[in-house]
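Overview (structure and organization)
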Amino acid sequence: MDSAEENEMLKILFQYQHGFIISKIMFTACELGVFDLLLESGDTLSSAAIAERLGTCHLGMERLLEACVGLKLLRMERKDNEGLYGNTDLSNLCLAKSSPKSQYCYMKLQSEQLYPNLQYLADAVREGNAQIQSMYVTPSKDIFEAMYSSEEGVQSFSNAMDTAWSIYGQEMMSAFDLSCFPAVCDLGGGSGALAKEYISLYPNATVTIFDLPKVVKRAKKQFVTSEECQISFQEGDFLKDSIPEADLYILARIFHDWDDDTCMQLLTKVHKACKPGGGLLLVELTLDEDRSGPLEAHIRSIMMLLFNNGRERTFSEYNALLSAGGFKEIQFKKKSFYSAILGRK
Ligand SMILES: C[S@@+](CC[C@H](N)C(=O)[O-])C[C@H]1O[C@@H](n2cnc3c(N)ncnc32)[C@H](O)[C@@H]1O
């Protein structure tokens, strides 16, 4: 290996070992409102003006803004020997709270929940088990009971989940023609971001969102009346209680939270409740068949191990689960980030 190759290799190492600092720089700029201010102002601003309007020290703000330029989260132009900062297309689209595809709530959750709890990753790997008992003082049966012990926990998780569907919701709900399924149940449907996408594509359908009582109570408060007639809510525990009868069950990012036995338990229940001719749609981040990638799926799989003994799976693994649960004619579509898997009763 020549020294140029060695340098390239070391650059990768540098990136990886500082990955968590990059995340924190990005979230700190979000948290302090840098991207919001620049989006609202619609113009470039000096570091002194940004610091003053956000109530921070100039020196610290300047350092943060320069780092964001290095990460291509901000752009900087020089005018009269002064640096003027503005959002990039990415920060305008995704990083301000009011951005059309804002990822702020997801990043907030990652920064506040995932980041400190990564200290338990080595234990999770050693034991092959989630580490909820180390993360939370009160003993909980699963991560949802632990997270939902406060109203703030319900809110921050639900808001974080919705962010994905402002980007990928349409793509996932149109991966297959689902117009033959008039009555839909979104199991673990959270606050209904995906249900709204479904209704916008299939206006004659109705969707029942089934989720834990605390999630449903909060989601109901947020719903606007125009959606009320087609979207309804039912509180319950999908592992213990009976679930509504439907033509189609949507399970988006549900199976990845659970081990195979729990997924089978849920599948059996869905198969029994599903109307004749009905089906089930999984939306998940799938691993390649040879498990070499994508990196996003490996990262999420690590998170699932740490928090709930879940994991990301390949299509073959989902296919085996669905077949064992009695589903047939299983189809798979990999989209830009998530995959859709449709099975028939
Ligand atoms: C990873 S989130 C996915 C939410 C939504 N499907 C989405 O993709 O945005 C998992 C969802 O399952 C719900 N959930 C977890 N355990 C549940 C249970 N036992 N019964 C009903 N819902 C449950 C959670 O409240 C949460 O809304």
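Residues numbered from 1 in each chain as written. Predicted model: local features only at pLDDT ≥ 70, side-chain atom pairs only at ≥ 80, totals over all residues. Heavy atoms only, no water.

Our working definition: UniProt positions are given in the numbering used here, feature names are shortened, and annotations may be inferred rather than shown by experiment.
As annotated in an unreviewed UniProt entry, the protein chain carries the name Acetylserotonin O-methyltransferase and is attributed to Phrynosoma platyrhinos. Checking UniProt for the protein chain, the heading Function (unreviewed entry) contains the comment "Catalyzes the transfer of a methyl group onto N-acetylserotonin, producing melatonin (N-acetyl-5-methoxytryptamine)." Taken verbatim from the UniProt record of the protein chain, the Pathway (unreviewed entry) comment is "Aromatic compound metabolism; melatonin biosynthesis; melatonin from serotonin: step 1/2."

1. Digging into the site of the ligand
The cut-off we apply is this: The nearness test applies per residue and asks whether one of its heavy atoms lies within 4 Å of the molecule or strand. Here a polar contact is recorded for every N or O atom pair within 3.5 Å, except that within protein the pair must consist of a potential hydrogen donor and a potential acceptor, and residues adjacent in sequence are included only if both atoms are side-chain atoms. Strands are runs of DSSP state E lasting at least two residues, helices are runs of H or I lasting at least four, and both sets are numbered from the N terminus onward. Just so you know the grouping, Ala, Val, Leu, Ile, Met, Phe, Trp, Tyr, Cys and Pro go in nonpolar, Asp, Glu, Lys and Arg go in charged, and all remaining residues, Gly too, go in polar.
Taken together, 18 residues form the shell around the ligand, and within it Tyr148, Gly188, Asp211, Asp237 and Phe238 come nearest. Contact between the ligand and Trp165: an oxygen atom at 2.9 Å from a side-chain N or O atom of the residue. A distance of 2.8 Å separates a nitrogen atom of the ligand from a polar atom in the backbone of Ala252. Residue contributions to the shell around the ligand peak at 3 residues, all from helix α11 (residues 151–173). In terms of residue class, the shell around the ligand is made up of 11 nonpolar, 3 polar and 4 charged.

2. Here we look at unusual backbone geometry
Of note, the bond from Gly293 into Pro294 is cis; its omega dihedral lies within 30 degrees of zero at -10°. Its location among the elements puts Pro294 in the loop between β8 (274–284) and α16 (295–308). Although it is not a glycine, Arg253 sits at a positive phi angle of roughly 55°. Structurally, Arg253 is set in the loop between β7 (246–252) and α15 (260–273). One non-glycine residue, Asn309, adopts positive backbone phi at about 60°.

3. Some remarks on the pairing of strand β3 (residues 82–87)
Operational definition: Classification of residues uses two cut-offs on accessible area relative to the type maximum, computed with a 1.4 Å probe and protein chains only: under 20% is buried, over 50% is exposed, and between them is partly exposed. Criterion used throughout: strands pair if DSSP finds at least two bridges between them.
Burial runs high along β3: 5 of the 6 residues are buried. Note: strand β1 (residues 45–46) against β3, 2 bridges, orientation antiparallel. In the sheet register, Ser46 faces β3, and the bridge partner there is Leu84.

4. Quick notes on the UniProt feature "domain: O-methyltransferase dimerisation" (unreviewed entry) in the protein chain
Look at the UniProt record and you will see "domain: O-methyltransferase dimerisation" (unreviewed entry) annotated at residues 15–96. The span residues 15–96 shows a helical share of 65% and a strand share of 17%, and its end C-alpha atoms are spaced 25 Å apart.

5. Digging into the side chain of Thr262
Mapped onto the elements, Thr262 comes out in helix α15. A polar atom in the side chain of Thr262 sits 2.6 Å from the side chain of Asp259.

6. A look at the packing of aromatic side chains
Selection criterion: Classification of ring pairs uses Phe, Tyr and Trp, with its six-membered ring standing for Trp, and accepts pairs whose centres are within 6.5 Å; under 30 degrees between planes counts as stacked, over 60 as edge-to-face, and the remaining range as tilted. Two limits define a charge over a ring: the Lys NZ or Arg CZ must be within 6 Å of the ring centre, and within 35 degrees of the ring normal.
If you walk through the whole model with that rule in mind, you get 13 aromatic pairs. Pairing Tyr198 with Tyr202 gives two aromatic rings, centres 4.8 Å apart and planes at 45°, and the pair type is tilted. Exposure class is identical for Tyr198 and Tyr202. Each is buried. Both rings, one in Phe238 and one in Trp258, keep their centres 6.5 Å apart while their planes meet at 75°; by these two values the pair is edge-to-face. One end of the pair, Phe238, is in the loop between β6 (231–235) and β7; the other, Trp258, is in the loop between β7 and α15, and 20 residues separate them in sequence. We note that Phe238, like Trp258, is buried. A cation over an aromatic ring shows up here: Lys97 above the ring of Tyr104, its NZ or CZ 4.8 Å from the ring centre.

7. A look at the packing of helix α3 (residues 34–41) against helix α4 (residues 47–54)
Packed helices, taken two at a time, are described by the angle between their axes plus the distance between the axes. Operational definition: Helix axes are fitted to C-alpha atoms over the stretch in contact, other axes to C-alpha atoms as well, and angles between N-to-C directions run from 0 to 180 degrees. We call two directions roughly parallel when the angle between them is under 35 degrees, roughly antiparallel when it is over 145, roughly perpendicular when it lies between 65 and 115, and oblique otherwise. Contacts were defined at the residue level, with two residues in contact if any of their heavy atoms lie within 4.5 Å.
It is the contact of α3 with α4, at a shortest axis distance of 11 Å, that shows an interaxial angle of 110°. Judged by the inter-axis angle, α3 sits roughly perpendicular to α4. Across from Val34, Leu37, Leu38 and Ser41 in α3, the residues of α4 making contact are Ile50, Arg53 and Leu54. By residue class, the composition of the contact of α3 with α4 is 5 nonpolar, 1 polar and 1 charged.

8. Overview of the nonpolar core
Filter applied, for reference: Remark: nonpolar core denotes a set of buried residues (Ala, Val, Leu, Ile, Met, Phe, Trp, Tyr, Cys) joined through side-chain atoms within 4.5 Å.
In this structure, Leu187, Tyr249, Leu251, Phe255 and Leu322 are the most contacted members of the largest nonpolar core, which totals 48 residues. Sorting elements by how many residues they give to this core places α15 first, with 5 residues. Listed in part, the 36 residues of the second largest apolar core include Ala195, Ile209, Phe223 and Leu342.

9. Notes on the domain arrangement of the protein chain
Defined as follows: Segmentation into domains, and thus their bounds, comes from an automatic or database assignment.
Along its sequence, the protein chain is carved into domain 1 (3–95) and domain 2 (168–344). When each unit is reduced to the centre of its C-alpha atoms, the spacing between domain 1 and domain 2 is 37 Å.

10. With respect to the pairing of strand β10 (residues 339–344)
Most of β10 is tucked away, with 5 of its 6 residues classed as buried. Here 6 bridges tie β8 to β10, and the two strands are oriented antiparallel to one another. Across the sheet, Leu282 pairs through a bridge with Ile341, a residue of β10. Summarising the sheet, strand β9 (residues 328–334) and β10 pair through 5 bridges and their orientation is antiparallel. Paired with Gln331 across the bridge in β10 is Leu342.

11. Considerations on the pattern of salt bridges
For clarity, the threshold we go by: Note on definitions: salt bridges are taken to be side-chain nitrogens of Lys or Arg within 4 Å of carboxyl oxygens of Asp or Glu.
One pass over the structure, following the stated rule, counts 11 salt bridges. The shortest N-O distance in the salt bridge between Asp36 and Lys97 comes to 3.3 Å. Placement of the pair is Asp36 in helix α3 and Lys97 in the loop between α6 (89–95) and α7 (104–117), with a sequence separation of 61 residues. A salt bridge links Glu235 to Lys217; its shortest N-O distance comes to 3.1 Å. With Glu235 in strand β6 and Lys217 in helix α13 (residues 213–222), this residue pair connects regions lying 18 residues apart in the sequence. Linked through salt bridges whose partners overlap, the residues forming this network are Asp260, Arg291, Arg311, Arg313 and Glu317.

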